[in-house]
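Residues per chain, in single letters:
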Amino acid sequence: MSHFRFVRLAGAPLEAGRAFGRATADLVARNLAIYFRRFLDETQLDRDEVLRRTGLYWPVVQAQSPEFAAMVEGIAQGAGQPLPDVAAVNLRYELLYSEFSRIGQMEHGGIHTPAGECTAFALMAETSTDGHLRIGQNWDWIPDVAGVLTHVTRPDGLRICCFTEAGIAGGKIGLNSAGLGLVVNGLVSADDDWSRLGRPFHARTWEILCSTRLDAAVEVVSRGERSCSSNFLIAQAGAPGRGEVADVEAAPLGVCVQHPRGGVFAHANHFLDPGRLGIWQPLREERTSTYHRCGRMEQMLVGAAARGPVGPEDLQAMLRDHDGMPESVCRHPNPDLPEPERYQSVVSMIVDLHAGRALVAAGPPCLHEFVEYEV
């Protein structure tokens, strides 16, 4: 059975970042090497250009998200790595996805456009066997990237259990002790542009996980412009048998909030209603994967709910689904694609917001057992 490295952190942002960097120094070095290679392989950004863009962006991050920036600085110090390199990896979403958009527009009708991240779902409390609100996902990305699970106790006492990549501050998938949780999807639109210098994706995900109210978490996404598109599926448990879910599709210049119907919700790597935001998605015809995965997840959820209450074992089976393999909900490298674009499910997570627990599989869930972690 494989496990992610699990790190407990506490204290002020700089202190927590240093501890994270020390505990994962070998994995941080590994991810830095992977990402600088992928910047070049996938988007033709060489090291000098990546660091030039990072140098323009980083002062804005320090001004907009000082807590996040301090954690990044701490990681660099603790791991013994140059701050510009670590900062670049923390901006990897903007640096990569704006190039995915550019490539997609240039090569519309041509070759495959790389992108990843992921198949997500929500199961409302009234639809579950135990009255618990659950969200989750398979997060599809670069197979060699080192993931880490962290348990963070903030100075205000809020506890957060989440998944991140070694070297990336905060977390992007998880839950907190206020009963609030987050899962995410990468999106792409023709408006994506790193040089807009909006609050970066990973700073927003961390601020969401630090929120104690759903409306405040949604505000984290909606305020200000965004450099690149993304989807944030946010939920919060309420009284027993109750809870709220808000799915926020975010384009650079606008957001669209959607809610479950029939007690379930599914999302993958395309806007469900791009017309509402007036955007164009430069998706390749080969990118039928996202439509298939989203449709398949919704089909399984609706079908299960029609048969009766849905339990965590049902959700595990859905996340292990191989319909349309390799571009399935449980995703495996596609040998028909170039090597840099052969993504797979790197982590699978089911978050129980009423119980304050997460079931986590450290890789494709068909090959890895789910392990329970508590917030």
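Residues numbered from 1 in each chain as written. Predicted model: local features only at pLDDT ≥ 70, side-chain atom pairs only at ≥ 80, totals over all residues. Heavy atoms only, no water.

Draft legend 1. A look at the overall build of the chain. When its secondary structure is counted, the chain shows 11 helices and 14 strands. On the principal axes, the C-alpha backbone points of the chain span a range of 55 × 50 × 40 Å. Out of the 375 residues belonging to the chain, those deemed buried represent 62%. Nonlocal contacts in the chain, meaning residues at least 24 apart in sequence, comprise 66% of its contacts between residues at least 6 apart. For the chain, the computed accessible surface area is about 13,200 Å², with 50% contributed by carbon and sulfur atoms. Across the chain, the mean location of the 34 positive side-chain charges is 3 Å away from that of the 46 negative side-chain charges. (Helix = DSSP H or I, 4+ residues; strand = E, 2+ residues; numbered from the N terminus. Buried < 20%, exposed > 50% of the residue type's maximum accessible area, 1.4 Å probe, protein only. Contact = heavy atoms within 4.5 Å. Areas by Shrake-Rupley, 256 points an atom, 1.4 Å probe, with all protein chains shown as cover. Lys, Arg positive; Asp, Glu negative; His and termini not counted. Charge placed at Lys NZ, Arg CZ, Asp CG, Glu CD.)

Draft legend 2. Spotlight on unusual backbone geometry. Looking along the chain, the bond that leaves Met-325 and enters Pro-326 is cis, with omega of 15 degrees. Unusually for a residue other than glycine, Gln-44 sits at a positive phi of about 60 degrees. Tracing the sequence through the fold places Gln-44 in the loop between α2 (25–43) and α3 (47–64). A positive phi is found at Leu-197, a non-glycine position, where the angle reads about 60 degrees. As for its position among the elements, Leu-197 is in the loop between β7 (180–186) and α7 (201–209).

Draft legend 3. A look at the sheet that holds strand β9 (residues 243–251). Strand order in the open sheet formed by 8 strands is β1-β4-β5-β6-β7-β8-β9-β10, with mixed pairing between adjacent strands. Lying at the two open borders of the sheet, with one neighbouring strand each, are β1 (5–10) and β10 (254–258). Averaged over all pairs of adjacent strands, the angle between their axes in this sheet comes to 20 degrees, without regard to strand direction. Bridge count between strand β5 (residues 159–165) and strand β6 (residues 173–176): 4 bridges; the pairing is antiparallel. Its bridge partner lying in β6, Cys-162 is registered against Gly-174. (Pairing = 2+ DSSP bridges. Axes fitted to C-alpha atoms, helices over the stretch in contact; angles between N-to-C directions.)

Draft legend 4. Molecular detail of the nonpolar core. If you look at the biggest cluster of nonpolar residues, it comprises 98 residues, and the most contacted ones within it are Trp-141, Trp-206, Ile-208, Phe-232 and Ile-234. Residues Val-264, Met-300, Ala-304 and Met-318 belong to the second largest nonpolar core, which totals 17 residues. (Core = buried A, V, L, I, M, F, W, Y, C linked by side-chain atoms within 4.5 Å.)

Draft legend 5. Structural detail: the pattern of salt bridges. According to the stated counting rule, one finds 23 salt bridges in the structure shown. Note that Arg-5 and Asp-26 form a salt bridge whose closest N and O atoms lie 2.8 Å from each other. Linking Arg-5 in strand β1 with Asp-26 in helix α2, this pair joins segments that are 21 residues apart in sequence. With a relative accessible area of 47%, Asp-26 lands in the partly exposed category. (Salt bridge = Lys/Arg side-chain N within 4 Å of Asp/Glu carboxyl O.)

Draft legend 6. Main features of helix α1 (residues 13–23). Of all the residues in α1, the buried ones are Ala-16, Gly-17, Phe-20 and Gly-21. For α1, the buried positions fall inside an angular range of 135 degrees around the axis, keeping them on one side. Taken together, the buried residues of α1 touch β1, α2, α4 (66–79), β4 (147–153) and β5. (Arc of directions from axis to C-beta.)

Draft legend 7. Structural context of the environment of Asp-192. Relative to the helices and strands, Asp-192 is located in the loop between β7 and α7. Residue class for Asp-192 comes out buried when judged on its relative accessible area of 7%. Taking the C-alpha atoms as reference points, Asp-192 and Arg-92, separated by 100 residues in sequence, lie 14 Å from one another. Among all residues touching Asp-192, those that are not within four sequence positions of it are Tyr-97, Ser-98, Ser-101, Leu-187, Ser-227, Cys-228, Ser-229 and Pro-252. A distance of 2.9 Å separates the side chain of Asp-192 from the backbone nitrogen of Ser-189, its partner in a polar contact. (Polar contact = N/O pair within 3.5 Å; in protein donor to acceptor, adjacent residues only side chain to side chain.)

Draft legend 8. Looking closely at the packing of α1 against α4. Interhelical geometry of α1 versus α4 gives an angle of 35 degrees and a closest axis separation of 6 Å. At the point where α1 passes α4, the crossing takes the right-handed sense. Counting all contacts with α1, which are made through Pro-13, Leu-14, Gly-17, Arg-18, Phe-20, Gly-21 and Arg-22, the residues of α4 involved are Glu-67, Ala-70, Met-71, Glu-73, Gly-74, Ile-75, Gln-77, Gly-78 and Ala-79. Here the residues of the contact of α1 with α4 sort into 7 nonpolar, 5 polar and 4 charged. (Left-handed = near helix turned anticlockwise from the far one by under 90°. Nonpolar A, V, L, I, M, F, W, Y, C, P; charged D, E, K, R; others polar.)

Draft legend 9. Molecular detail of helix α11 (residues 312–319). Taken together, the buried positions of α11 are Pro-312, Leu-315, Gln-316, Met-318 and Leu-319. All buried residues of α11 project into a common sector of 160 degrees when viewed along the axis, lining one side. If you follow the buried residues of α11, they end up packed against β2 (119–123), β3 (134–141), α10 (288–307), β12 (344–352) and β13 (357–361).

Draft legend 10. Representation of the packing of aromatic side chains. Applying the stated criterion to the full structure yields 12 aromatic pairs. Taken together, a centroid distance of 6.4 Å and an interplanar angle of 40 degrees make the contact between Trp-139 and Trp-141 tilted. Look at Trp-139 and you get buried, because its relative accessible area is 0%. Residue class for Trp-141 comes out buried when judged on its relative accessible area of 0%. A cation over an aromatic ring shows up here: Arg-47 above the ring of Phe-36, its NZ or CZ 4.6 Å from the ring centre. (Phe/Tyr/Trp six-rings, centres within 6.5 Å; stacked < 30°, edge-to-face > 60°. Lys NZ or Arg CZ within 6 Å of the ring centre and 35° of its normal.)

Draft legend 11. Inspection of the side chain of Arg-134 at higher detail. Within the secondary structure layout, Arg-134 lies in strand β3. Residue Arg-134 is classed as buried on the basis of its relative accessible area, which comes to 5%. Among all residues touching Arg-134, those that are not within four sequence positions of it are Phe-121, Ala-122, Leu-123, Ser-128, Pro-312, Leu-315, Ile-350, Val-351 and Asp-352.

Draft legend 12. Region of the structure containing the sheet that holds β2. The 6 strands are arranged β11-β2-β3-β12-β13-β14 in an open sheet whose pairing can be described as antiparallel. For this open sheet the edge positions go to β11 (264–267) and β14 (371–374), each flanked by a neighbour on one side alone. Strand-to-strand twist of the sheet, defined as the mean angle between neighbouring strand axes without regard to direction, takes the value 15 degrees. The sheet contact formed by β13 and β14 spans 4 bridges and is antiparallel. For Leu-359, the partnering residue across the bridge sits in β14 and is Glu-372. Running at roughly 165 degrees to β11, α10 makes contact with β2, β3 and β11 of the sheet.

Function cannot be inferred from these measures alone, as they are strictly geometric.
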